[in-house]
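Here are the chains, one letter per residue:
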Amino acid sequence: HIVVGGLILLENGGAPADEVRKMMAATVKTICSANDITARAEDIFAERCMVLQWLDLHDKIRPAWIMRLVRNQLSDGGWQARNMPPIGQSNQHTVIVTLAALAEFLAHHRRAG
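Residues numbered from 1 in each chain as written. Predicted model: local features only at pLDDT ≥ 70, side-chain atom pairs only at ≥ 80, totals over all residues. Heavy atoms only, no water.

Asker: Sorry if this is basic, but what is going on with the overall build of the protein here?
Answerer: The helix and strand tally for the protein stands at five helices and zero strands. Along the chain direction, N to C, the helices and strands of the protein fall in the order α-α-α-α-α. Taking 113 residues into account, the globule formula puts the C-alpha radius of gyration at 13 Å, and the protein, at 15 Å, falls close to it. If you line up the protein on its principal axes, its C-alpha atoms span 45 × 35 × 25 Å. By the burial criterion, 35% of the 113 residues in the protein qualify as buried. (Helix = DSSP H or I, 4+ residues; strand = E, 2+ residues; numbered from the N terminus. Rg over C-alpha atoms; globule rule 2.2 N^0.38 Å. Buried < 20%, exposed > 50% of the residue type's maximum accessible area, 1.4 Å probe, protein only.)

Below is the structure:
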């Protein structure tokens, strides 16, 4: 959420750009570490992948992370968030951030081709 807020501030001139960039850069190591150690590839996991790509840090995205997201797709086509409604079914927020992460990953690799 720090990165998303920072990107909004940068887009709208809401704060000194250098300070915002420093704040966002300080979160990158934590984001990567969290995705490396978490046992679940759900909502916040997908969101971390998405924001790293928004920061153009495609090299930080491990292909194994993307595979974990793909493997967690439910039979209804979406993704669930643990303990979030509807329980056992796709959660709107989780679906959106997962699709964004997957789309960014695919687009980057097609461009790099």
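Asker: What exactly am I supposed to notice about the confidence of the model for the protein here?
Answerer: Low-pLDDT stretches of the model should not have their predicted coordinates read in fine detail. On average, residues of the protein score 93 in pLDDT, and 100% of them reach the 70 mark or higher. Taking the mean pLDDT of every element in the protein, the minimum, 91, falls on helix H1 (residues 2–12) and the maximum, 96, on helix H4 (residues 63–71). (pLDDT = per-residue confidence, 0-100.)

Asker: In this structure, what is going on with the packing of aromatic side chains? I would like to understand it.
Answerer: Pairs of aromatic rings are described using the distance from one ring centre to the other and the angle between the two planes. Applying the stated criterion across every chain, the model contains one aromatic pair. Here phenylalanine 45 and tryptophan 65 contribute two aromatic rings whose centre-to-centre distance is 6.2 Å and whose plane-to-plane angle is 70 degrees, an arrangement assigned as edge-to-face. Pair noted here: phenylalanine 45 is in helix H3 (residues 43–54) and tryptophan 65 is in helix H4, with a separation of 20 residues, a long-range link. You can call phenylalanine 45 buried: its relative accessible area is 1%. (Phe/Tyr/Trp six-rings, centres within 6.5 Å; stacked < 30°, edge-to-face > 60°.)

Asker: Just checking my understanding: could you explain the pattern of salt bridges for this structure?
Answerer: A side chain of one charge can pair with a side chain of the opposite charge when the charged atoms of the two come close. The tally for this structure, following the rule as stated, stands at two salt bridges. Residue lysine 22 pairs with glutamate 19 through a salt bridge whose shortest N-O separation is 3.6 Å. Taken together, the residues lysine 22 and glutamate 19, both in helix H2 (residues 17–37) and three residues apart, mark about one turn of the helix. Here glutamate 19 falls in the partly exposed class, since its relative accessible area comes to 47%. Between aspartate 36 and arginine 62 there is a salt bridge whose closest N-O contact spans 2.7 Å. In this pair, aspartate 36 is assigned in helix H2 and arginine 62 in the loop between H3 and H4, connecting sequence segments 26 residues apart. A relative accessible area of 40% means that aspartate 36 is categorised as partly exposed. (Salt bridge = Lys/Arg side-chain N within 4 Å of Asp/Glu carboxyl O.)

Asker: Would you explain unusual backbone geometry in this entry?
Answerer: What you tend to see is this: most non-glycine residues have negative phi, and most peptide bonds are trans. Look at the link from proline 85 to proline 86: it is a cis peptide, with omega at -10 degrees. Its place among the elements puts proline 86 in the loop between H4 and helix H5 (92–112). With a phi angle near 65 degrees, aspartate 56 is a residue other than glycine that sits in the positive phi range. By the element assignment, aspartate 56 lies in the loop between H3 and H4.

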